[in-house]
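Each chain, written out:
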Amino acid sequence: MDKIEFRKEIEIRYDVDVFVAGGGPAGVAAAVTAAEMGASVFLAEKGQCFGGAATLAKVPAFMRFSDGVNFLAGGFGRRLFDALYGEDTDYTTIEFSIEVEKLKLLYDQMMLASGASFLFETTLVDVVKEDNRIQYVILKGKETFFAVRAKVYIDGTGDGFMAVAAGEESEKGNENGFMMPGTLCSMWGDIDWSRAVVELGKDPDERFLPQAFKDGVFTVQDLGLPGMWRFDRHYGGGNIGHVFGVDGTDEVSLTKGMLDGRKRIWEYVEYYNRYLPGYENAKLISTGDILGIRESRRITCLYAASFEDYQTHAVFDDEIGRYAYPIDIHSHSAENGKENSLYEQGYEKGKSYGLSYRSLLPKKMDNLLIAGRCIGAEREMFGALRVMPCCFITGMAAGCAAALSVRHTDGEPKKIDVKMLQQSLLEKGAYLPNYKG
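Below is a short write-up of the structure. (Residues numbered from 1 in each chain as written. Predicted model: local features only at pLDDT ≥ 70, side-chain atom pairs only at ≥ 80, totals over all residues. Heavy atoms only, no water.)

1. So, the sheet that holds strand β10 (residues 186-189)
Cut-off, in case you're wondering: Between any two strands, pairing holds if DSSP finds at least two bridges. Secondary structure is summarised from DSSP: a helix means a run of H or I of at least four residues, a strand means a run of E of at least two, and numbering begins at the N terminus for each. Fitted lines through C-alpha atoms serve as axes, helices being fitted only where they are in contact, and the angles separating the N-to-C directions of these axes extend from 0 to 180 degrees.
Within the open sheet, the 4 strands sit side by side as β11-β12-β10-β13. Their pairing is antiparallel. For this open sheet the edge positions go to β11 (227-230) and β13 (283-287), each flanked by a neighbour on one side alone. For this sheet, the mean inter-axis angle between neighbouring strands, taken without regard to orientation, is 30°. In this structure, β10 lies alongside β13, joined through 4 bridges in antiparallel fashion. Bridge pairing links tryptophan 188 to leucine 284 in β13.

2. Things to note about the nonpolar core
The condition that has to hold: Residues enter a nonpolar core if they are buried and are Ala, Val, Leu, Ile, Met, Phe, Trp, Tyr or Cys, with the set joined through side-chain atoms within 4.5 Å. Only protein chains enter the accessibility calculation, which uses a 1.4 Å probe; a residue whose area is less than 20% of its type maximum is buried, one above 50% is exposed, and one in between is partly exposed.
Core analysis: the biggest nonpolar cluster contains 109 residues, and Phe19, Phe76, Leu80, Val137 and Leu369 have the highest contact counts within it. Sorting elements by how many residues they give to this core places helix α10 (residues 388-408) first, with 13 residues.

3. Digging into the pattern of salt bridges
Note the threshold: In what follows, salt bridge is the name for a side-chain nitrogen of Lys or Arg lying within 4 Å of a carboxyl oxygen of Asp or Glu.
Overall, the coordinates contain 23 salt bridges when judged by the stated rule. Residues glutamate 270 and arginine 274 are paired through a salt bridge, measuring 2.6 Å at the closest nitrogen-oxygen approach. Of the two residues, glutamate 270 and arginine 274 both sit in helix α6 (residues 251-275), 4 residues apart, roughly one turn of that helix.

4. Quick notes on the layout of surface pockets
Stated precisely, the cut-off is as follows: Here the term cavity refers to a set of points on a 1 Å grid, laid over the protein atoms alone, in which a 1.4 Å probe fits but cannot get out; the term pocket refers to an open set having protein on both sides within 12 Å along at least five of seven lines, with lining residues being those that place an atom within 4 Å of a point. Grid points are joined across faces, edges and corners, and a volume is the space filled by probe spheres set on the points. Residues are grouped as follows: nonpolar covers Ala, Val, Leu, Ile, Met, Phe, Trp, Tyr, Cys and Pro; charged covers Asp, Glu, Lys and Arg; every other residue, Gly included, is treated as polar.
The volume enclosed by the second largest pocket comes to roughly 380 Å³. Lining the second largest pocket are 17 residues, and of these Ile98, Glu99, Val100, Phe231 and Asp232 lie nearest its centre. Elements with a contribution of two residues or more to the lining of the second largest pocket: α2 (76-85), α3 (100-114) and β10. Residue composition of the lining of the second largest pocket, by class: 9 nonpolar, 2 polar and 6 charged.

5. Things to note about the environment of isoleucine 416
The line we're drawing: Every residue pair with non-hydrogen atoms within 4.5 Å of one another is taken to be in contact.
With respect to the helices and strands, the residue isoleucine 416 is situated in the loop between α10 and α11 (418-427). With relative accessibility at 6%, the residue isoleucine 416 sits in the buried group. A sequence separation of 14 residues divides isoleucine 416 from alanine 402, and the C-alpha atoms of the two residues are 9.4 Å apart. When neighbours within four sequence positions are excluded, isoleucine 416 is seen to be in contact with Tyr357, Ala401, Leu404, Ser405, Thr409 and Leu421.

6. With respect to the packing of aromatic side chains
Put simply, the rule is: For this analysis, a ring pair means two rings from Phe, Tyr or Trp (six-membered ring only for Trp) whose centres lie within 6.5 Å, classed as stacked if their planes differ by under 30 degrees, edge-to-face if by over 60, and tilted for the remaining angles. Only lysine NZ and arginine CZ atoms are considered, and such an atom sits over a ring when it is within 6 Å of the ring centre and within 35 degrees of the ring normal.
Tallied over the entire structure, the rule returns 34 aromatic pairs. Ring geometry for phenylalanine 71 versus phenylalanine 81: centroids 5.4 Å apart, planes at 75°, classification edge-to-face. With a gap of 10 residues between them, phenylalanine 71 in the loop between β3 (61-62) and α2 and phenylalanine 81 in helix α2 connect regions that are remote in the sequence. The burial state of phenylalanine 71 is the same as that of phenylalanine 81; both residues are buried. Consider the rings of phenylalanine 81 and phenylalanine 96, whose centres lie 5.0 Å apart with planes at 85°: the pair is edge-to-face. Highlighted residues: phenylalanine 81 in helix α2 and phenylalanine 96 in strand β4 (residues 96-97), separated in sequence by 15 residues. For the residue pair phenylalanine 81 and phenylalanine 96, the accessibility class agrees, reading buried in each case. Between arginine 13 and the ring centre of phenylalanine 146, over which it is positioned, the NZ or CZ distance is 3.9 Å.

7. Focus: α11
Which entries qualify depends on this criterion: Throughout, the arc means the angular range of directions from the helix axis out to the C-beta atoms. Residues adjacent in sequence count toward polar contacts only when both atoms are side-chain atoms; beyond that, a polar contact is any pair of N or O atoms within 3.5 Å, and within protein one must be able to donate a hydrogen and the other to accept it.
Buried within α11 are the following residues: Leu421, Gln422, Ser424 and Leu425. The buried residues of α11 occupy one face: seen down the axis, they fall within an arc of 160°. The opening residue of α11, the one whose side-chain oxygen lies 2.8 Å from the backbone nitrogen of lysine 419, is aspartate 417. In the stretch just after α11, glycine 429 is the one whose phi turns positive, near 105°.

8. Side note on the side chain of aspartate 318
In this structure, aspartate 318 sits in the loop between α7 (307-312) and β15 (319-323). A polar side-chain atom of aspartate 318 sits 2.9 Å from a polar atom in the side chain of serine 356. There is a polar contact of 3.0 Å between the side chain of aspartate 318 and the side chain of arginine 358. Among all residues touching aspartate 318, those that are not within four sequence positions of it are Leu355, Ser356, Tyr357, Arg358, Val418 and Gln422.

Structure representation (structure tokens):
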């Protein structure tokens with residue numbers, strides 16, 4: 001393969017305390033938190049809105065914010081929840097449908113009010129490091145390249161790209177490298193909710209799949225169908241159909257996956273119209289602007305959240321939050337059927353597992369924090385930590401740690417006093433019932 005050398009002199013456009021890569025739930029939580037604590041912040045988002053999976057990918061629902069008793073995603077997550085659903089809304093239910101345009105505007109407002117700087121249409125290209133510190137990140141805007149220099153860097157990309165570019169180690173998928181499938185989520189109209197079956201936490205829309213398979217409706221006999229979430233009036237959001245074999249870190253794979261998802265969504269239109277009561281006249285309104293990716297990299301951090309943590313309701317001295325979503329791993333192939341037995345068992349009401357600060361600290365870089373889907377975790381536990389409310393928890397913790405490290409440790413998050421971090425998080429509304437002071 002032919003190669004060329006590409007060199008370019010670019011400006012350092014921003015010189016800040018904290019740089020955040022990615023404007024998804026973790027990135028926004030981190031940027032808002034760090035800025036509100038007085039740090040100068042710049043966030044780069046490659047899309048044209050904040051929110052990632054919920055907005056660009058049209059994932060139709062937030063998973064649980066609570067353990068059935070306590071609100072776990074406190075602080076940033078609670079502010080967002082109250083603004084979207086109202087302070088008096090019962091937060092103990094399992095899932096909450098997402099009103100996409102309202103959420104986009106809310107993220108805009110939170111970022112603007114925080115004082116953080118940001119740009120859309122801005123992609124992280126590379127990292128310049130020296131020894132164990134990142135010196136600059138290289139970004140591409142709409143038409144120009146530029147650099148950002150910061151004291152602390154937060155990887156909120158979901159895929160761990162900044163960490164890997166800086167030389168951190170990572171893992172993908174199971175022991176054979178197979179990853180969970182993606183989904184091209186969708187928005188629907190003209191659903192008769194008075195007749196459609198809706199059972200939160202279950203998959204009622206699967207009930208006629210065997211007959212549809214016999215009738216030749218589907219090109220892929222996918223046994224898993226998370227289903228349709230109810231929106232207002234006659235609208236719904238579809239988390240429908242798996243795109244198998246997609247690698248969210250590879251543009252060739254993503255291109256093939258999007259083509260596959262857009263082609264096969266029409267098979268689900270036929271399935272819903274022909275087989276499911278209440279959906280006879282349902283119309284596909286739109287699909288996600290990006291493919292919904294459940295799994296890519298897990299960065300190797302000082303601690304990997306484990307299945308044992310899940311089983312024992314783990315408590316950590318350096319706890320930065322707690323969460324309670326069940327382990328939810330979708331099969332990497334249609335032939336393997338479901339891998340969701342642990343999800344179907346649920347997680348005991350009122351119980352939760354701790355999140356260690358060390359899961360946000362990569363092994364090599366001294367001025368880098370990890371937030372969101374790619375934090376340090378074993379694969380089974382990753383299946384529980386990957387969802388958006390948990391990303392609010394780790395994002396807020398990363399932003400708080402970044403601001404404190406700028407102030408107290410010359411930009412080295414590994415050296416901050418964990419008790420000081422926990423106290424700051426408590427002041428911001430974090431759920432830390434095991435904090436002893």
